[in-house]
Amino acid sequence: PAGGRPADIPRAAPFSNWNVLYVPYCTGDLHYGSRVTPSGLHFTGHSNLERILEDALNETAIGSADTVIISGESAGGLGCIQNTDYIADKLPSVSHVFSVPIAGFYFGQQIYDGPGHTSGGLPSFETQAFQKYATEWGAVPHKQCAAAFGRDAWKCLMTANVVQYLSVPVFVVEAQTDQVVLMY
């Protein structure tokens, strides 16, 4: 819940007096998108983040916090990495901004389709799929990464390419056996 301590965090926990700003994942675009398709699909994860952050800056004290930790899990981890510097830039008075993506460090993959393969309902994480997603979602890539990649800015949607351009310290939490990485 924005502006409050979640009820399930014990008061003795190290972050128990911190506030939480929750950004739900509901657009299927890894928090990258800024496009509504002609058929009415809303790939607006980045656009939603922009609005939620604007509301938080107007309605809470997030802009004057001493420390902000940006985190997310799985799709939220990907969005965390991609949007960390964008968020930090909106919080110029915050002394310490950190990025802690959980299960969001995906590499471009070649899908195994040999004997015993599994298939899942998730979109492809193959490298070339991200080129399609960039257009389909109206993806907003990291600014410095996009400048470096130029016409291939779509490659900045991949964590392994964008992380080197982040200005905010990153602590990656990644399971060695992440189900999505192993299966898709």
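Treat the numbers as computed from the prediction; the structure is a model and nothing was measured. (Residues numbered from 1 in each chain as written. Predicted model: local features only at pLDDT ≥ 70, side-chain atom pairs only at ≥ 80, totals over all residues. Heavy atoms only, no water.)

Draft legend 1. Just the state of the cysteines, in detail. All told, the structure shown has one disulfide when counted by the stated rule. Here Cys 145 pairs with Cys 156 through a disulfide, and the sulfurs are 2.2 Å apart. Handedness of the Cys 145-Cys 156 disulfide follows from its S-S torsion of about -95°: it is left-handed. On the criterion of sequence distance, the pair formed by Cys 145 in helix H4 (residues 143-149) and Cys 156 in the loop between H4 and helix H5 (159-162) is long-range, its members being 11 residues apart. Comparing Cys 145 with Cys 156 shows no difference in burial state: the two are buried. (Disulfide = S-S within 2.5 Å. Helix = DSSP H or I, 4+ residues; strand = E, 2+ residues; numbered from the N terminus. Buried < 20%, exposed > 50% of the residue type's maximum accessible area, 1.4 Å probe, protein only.)

Draft legend 2. A look at the layout of surface pockets. Here the largest pocket defines a volume of roughly 1,200 Å³. Val 20, Leu 21, Ile 69, Ile 70 and Ser 71 are the residues nearest the centre of the largest pocket, which is lined by 36 residues in total. Breaking the lining of the largest pocket down by element, the ones donating at least two residues are helix H1 (45-59), strand E3 (67-73) and helix H2 (75-89). Broken down by element, the residue count for the lining of the largest pocket peaks at seven residues, all from E3. In terms of residue class, the lining of the largest pocket is made up of 23 nonpolar, 12 polar and one charged. (1 Å grid on protein atoms, 1.4 Å probe; cavity = no way out; pocket = protein on both sides within 12 Å on 5 of 7 lines; lining within 4 Å. Points joined across faces, edges and corners; volume = space filled by probe spheres on them. Nonpolar A, V, L, I, M, F, W, Y, C, P; charged D, E, K, R; others polar.)

Draft legend 3. Molecular detail of a nonpolar patch on the surface. On the surface, a cluster of nonpolar side chains totalling about 350 Å² of accessible area is made up of Phe 15, Trp 18, Ile 69 and Phe 98. Here Phe 15 shows up in the segment before strand E1 (35-36). Using a relative accessible area of 46% as the deciding quantity, one classes Phe 15 as partly exposed. (Patch = residues over 30% accessible without salt bridge, like charges linked within 9 Å, V, L, I, M, F, W, Y side chains within 5 Å. Areas by Shrake-Rupley, 256 points an atom, 1.4 Å probe, with all protein chains shown as cover. Salt bridge = Lys/Arg side-chain N within 4 Å of Asp/Glu carboxyl O.)

Draft legend 4. How the structure looks around the environment of Ala 129. Assignment of secondary structure puts Ala 129 in helix H3 (residues 129-137). Ala 129 sits in the buried class, given a relative accessible area of 13%. In sequence terms Ala 129 and Trp 154 are 25 residues apart; their C-alpha atoms lie 9.8 Å from each other.

Draft legend 5. Up close: the pairing of strand E4 (residues 96-102). Side chains Val 97, Ser 99 and Pro 101 project from E4 onto a buried face, and the interleaved His 96, Phe 98, Val 100 and Ile 102 project onto a face without burial. Pairing geometry for E3 and E4, over seven bridges, is parallel. Counted as the bridge partner of Val 68 is Val 97 from E4. Each parallel crossover has a hand, and for E3 linked through H2 to E4 it is right-handed. (Pairing = 2+ DSSP bridges. Right-handed = clockwise from strand over helix to strand, strands pointing away.)

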